[in-house]
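A structural walkthrough
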Amino acid sequence: MPQLRQNIITGDWVVIAPERAKRPQDFIIPPSVKVTKKENCPFCQESEAYRTNEKIRQQVSKNIYVIQNKFPAFVENNEKPSRSFYPEEGFYRARSAIGDHEVVILKKHELSLITMPKPLMTEMFEVIQARYIKMKEQEGVASIMPIYNHGPEAGAPIEHPHAQIFASGVVANTVGRELEGAERYFGINGVCVFCDIIKHERKVKTRLIYENEDYIVSTFYAARFPMECWIMPKKHQSQFENCQKKELESLADVVSFIVRKMDKAIPRIPLNFFIHTLPVALENSAYYHWHIEIVPRISNYGGYELGSGVIIDIMNPEDAAGYLKKA
Ligand SMILES: [Zn+2]
Ligand SMILES: [Zn+2]
Ligand SMILES: [Zn+2]
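Scope of this entry: the structure provided in the associated data block. (Residues numbered from 1 in each chain as written. Chains lettered and ligands numbered in written order. Predicted model: local features only at pLDDT ≥ 70, side-chain atom pairs only at ≥ 80, totals over all residues. Heavy atoms only, no water.)

1. Notes on the overall build of the chain
Quick reminder of the rule: Only DSSP runs of H or I covering at least 4 residues are called helices, and only runs of E covering at least 2 are called strands; the numbering of each starts at the N terminus. The globule rule used here is 2.2 Å times the number of residues to the 0.38 power, and the radius of gyration it is set against is calculated over C-alpha atoms. When a residue's accessible area, from a 1.4 Å probe over protein chains only, is under 20% of the maximum for its type it is buried; when over 50% it is exposed; and in between it is partly exposed. Throughout, a contact is declared for two residues whenever any of their heavy atoms are within 4.5 Å.
Scanning the chain for helices and strands turns up seven helices and 15 strands. Over its C-alpha trace the chain gives a radius of gyration of 20 Å, about what one expects of a compact globule, namely 20 Å for 327 residues. Along the first, second and third principal axes, the C-alpha atoms of the chain reach 55 × 45 × 45 Å. When the 327 residues of the chain are sorted by exposure, 51% land in the buried category. Here the contacts in the chain between residues at least 6 apart in sequence split such that 71% fall between residues at least 24 apart.

2. Re the coordination of the zinc ion (ligand 2)
How we decide: Counted as coordinating are nitrogen, oxygen and sulfur atoms within 2.8 Å of the metal, or 3.2 Å for Na, K and Ca, while water is not included, which may make sites look incomplete. All geometry calls rest on donor angles, where a four-donor set with angles between 85 and 135 degrees is tetrahedral, four- and six-donor sets with opposite donors more than 155 degrees apart and all others between 65 and 115 are square planar and octahedral, and all else is irregular.
Within the protein, the atoms that donate to the zinc ion (ligand 2) are Cys192 (SG), Cys195 (SG), His236 (ND1) and His289 (ND1), at distances of 2.0 to 2.3 Å. Around the zinc ion (ligand 2) sit four donor atoms, and with donor-metal-donor angles ranging over 107 to 113° the site reads as tetrahedral. Counting the intervening residues between successive donors of the zinc ion (ligand 2) yields the motif C-x2-C-x40-H-x52-H. Pair noted here: Cys195 is in helix α4 (residues 193–204) and His236 is in the loop between β12 (229–233) and α5 (245–265), with a separation of 41 residues, a long-range link.

3. Re the coordination of the zinc ion (ligand 1)
At 2.0 to 2.3 Å from the zinc ion (ligand 1) lie its protein donor atoms, namely Cys41 (SG), Cys44 (SG), His109 (ND1) and His160 (ND1). Coordination geometry of the zinc ion (ligand 1): the four donor atoms subtend angles of 99 to 121° at the metal centre, consistent with an arrangement described as tetrahedral.

4. Considering the packing of aromatic side chains
Rule in force here: In this scheme Phe, Tyr and Trp rings, the latter by its six-membered ring, pair at centre separations within 6.5 Å, and the angle between planes marks the pair as stacked below 30 degrees, edge-to-face above 60, and tilted otherwise.
For the structure on display, the rule yields 11 aromatic pairs. Seen in terms of ring centroids, Phe194 and Tyr288 are 5.4 Å apart; in terms of plane orientation they differ by 75°. Their pairing is edge-to-face. Here Tyr288 lies in the loop between β13 (271–276) and β14 (291–296) and Phe194 lies in helix α4, a separation of 94 residues in the sequence. Taken as a pair, Phe194 and Tyr288 share a single burial class, namely buried.

5. Examining the packing of helix α3 (residues 173–189) against α4
The cut-off we apply is this: For helices, the axis comes from a line fit to the C-alpha atoms of the stretch in contact; other axes are also lines fit to C-alpha atoms, and the angle between any two N-to-C directions lies between 0 and 180 degrees. Geometric relationships in this document are graded by angle, where less than 35 degrees denotes roughly parallel, more than 145 denotes roughly antiparallel, 65 to 115 denotes roughly perpendicular, and other angles denote oblique. When residues are grouped by polarity, Ala, Val, Leu, Ile, Met, Phe, Trp, Tyr, Cys and Pro land in nonpolar, Asp, Glu, Lys and Arg in charged, and all others, Gly among them, in polar.
Contact geometry for α3 and α4: axes closest at 9 Å, N-to-C directions at 80°. The angle between α3 and α4 falls in the class roughly perpendicular. Where α3 approaches α4, its residues Glu178, Ala182 and Tyr185 are matched on the opposing element by Val193, Phe194 and Asp196. Here the residues of the contact of α3 with α4 are counted per class, giving four nonpolar, no polar and two charged.

6. Side note on the side chain of Asn272
Basically, it comes down to this: Think of a polar contact as two N or O atoms within 3.5 Å of one another; within protein, one of them needs to be a possible hydrogen donor and the other a possible acceptor, and neighboring residues in sequence only count if both atoms come from side chains.
Mapped onto the fold, Asn272 is located in strand β13. Separated by 2.9 Å, the side chain of Asn272 and the backbone oxygen of Ala154 make a polar contact. The residues contacting Asn272, other than those within four sequence positions of it, are Tyr148, Asn149, Ala154, Glu293, Ile294, Val295 and Arg297.

7. So, the side chain of Glu123
Rules: For the charge count, each Lys or Arg is scored as positive and each Asp or Glu as negative, with His and the chain ends excluded. Salt bridges are counted wherever a side-chain nitrogen of Lys or Arg sits within 4 Å of a carboxyl oxygen of Asp or Glu.
Within the fold, Glu123 resides in helix α2 (residues 118–136). Buried charge Glu123 goes without a salt bridge, the closest partner of opposite sign being Lys62 at 6.1 Å. Among the polar contacts made by the side chain of Glu123, one reaches the main-chain amide nitrogen of Asn63 at a distance of 2.8 Å. Ignoring sequence-local partners within four residues, the contact set of Glu123 consists of Ser61, Lys62, Asn63 and Ile64.

8. Considering the environment of Ala49
Here Ala49 is to be found in helix α1 (residues 48–51). Overall, the relative accessible area of 33% leaves Ala49 in the partly exposed class. In this structure, Ala49 is in contact with Cys41 and Pro42, ignoring residues within four places of it in sequence.

9. Topic: the pattern of salt bridges
Between side chains of opposite charge, a pair can form as their charged atoms come close. A complete count under the given rule lists 17 salt bridges for this structure. For Glu228, the salt bridge goes to Arg224, with nearest N and O atoms at 2.8 Å. Put simply, Arg5, Glu201, Arg207 and Glu318 are held in one network by salt bridges that share partners.

10. Points about the nonpolar core
Spelled out, the test is: We call a set of buried residues a nonpolar core when its members are Ala, Val, Leu, Ile, Met, Phe, Trp, Tyr or Cys and they connect through side-chain atoms within 4.5 Å of each other.
Among the nonpolar cores identified, the biggest contains 56 residues, and Met124, Phe125, Ile231, Leu251 and Ile258 are the most heavily contacted of them. Per-element accounting of this core gives the leading share, nine residues, to α5. Sequence-distant contacts of Ile258, defined by excluding residues within four places in its chain, comprise Ile209, Val217, Cys229, Ile231, Ile294 and Leu324.

11. As for unusual backbone geometry
Positioned with a positive phi, Lys205 is a non-glycine residue whose angle comes to about 65°. By the element assignment, Lys205 lies in the loop between α4 and β10 (208–211). One non-glycine residue with positive phi stands out, namely Arg268, at about 65°. Within the fold, Arg268 resides in the loop between α5 and β13.

This is the structure:
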């Protein structure tokens, strides 16, 4: 029997439909045909595309560099920022997409999220954190979200390993909904809902996959995607940018552990991960807890999902945890 499950943070419903359940071996990801050749790669430093690029931001670390995205979704604001919306067509609301959009690029073309050595992944998180702190100073920026796309089906047509950081003048819809829900939960229970999730997952263990000194990773109870996993700092911490170097090392350990497991369970698995952290306008929060959501992209949304916002997940999160542990 399919089961409705509620996201305890946002209140959103999902359907876990075991009848349609698939095992990892039922998903076969064909090798990508549209891989960019190294000679034409815009991110390789020896390429023509790199040499003619004017958007190189800075040489921030030994193995990584940062550029502004060639087609930015949000752009730096040089005029006085306006915090308000303006009416469009005398009716709708709009405002300029102020912010920033950077690409954090590993120098080595041949690596991937799966094969990236841990020290290099730590370096990547350090660069992301440094850029995050820099972007925070920009006037008009309300929230910042670092993301990573892995595989062409997950929106990464360029094979060269890179992360992206989006800074925008509005709070992301998803983070806004989590904030509201977490504040409500805190009002009723007096504790952070994420801290409670961690406590619960460590107790029941059915979805828990791995933990180290600083983080846990588990599949998500109300998962929207097969094998969706959440990484959360064990100690209450609302802001990603406050992580110490040692904690970033620990983060690289847990991220590389889980993405390698996913790639073992389903070879060439496309996935995204994103960091959900406190909007920059807020100072430390007792009820919001930063985290990383990792979503494999092996399912598609149909009309019902789009129409209702109620997502049907074809893999039970407890089974998914089992597959990942065994992989
Ligand atoms: Zn390249
Ligand atoms: Zn917490
Ligand atoms: Zn989240």
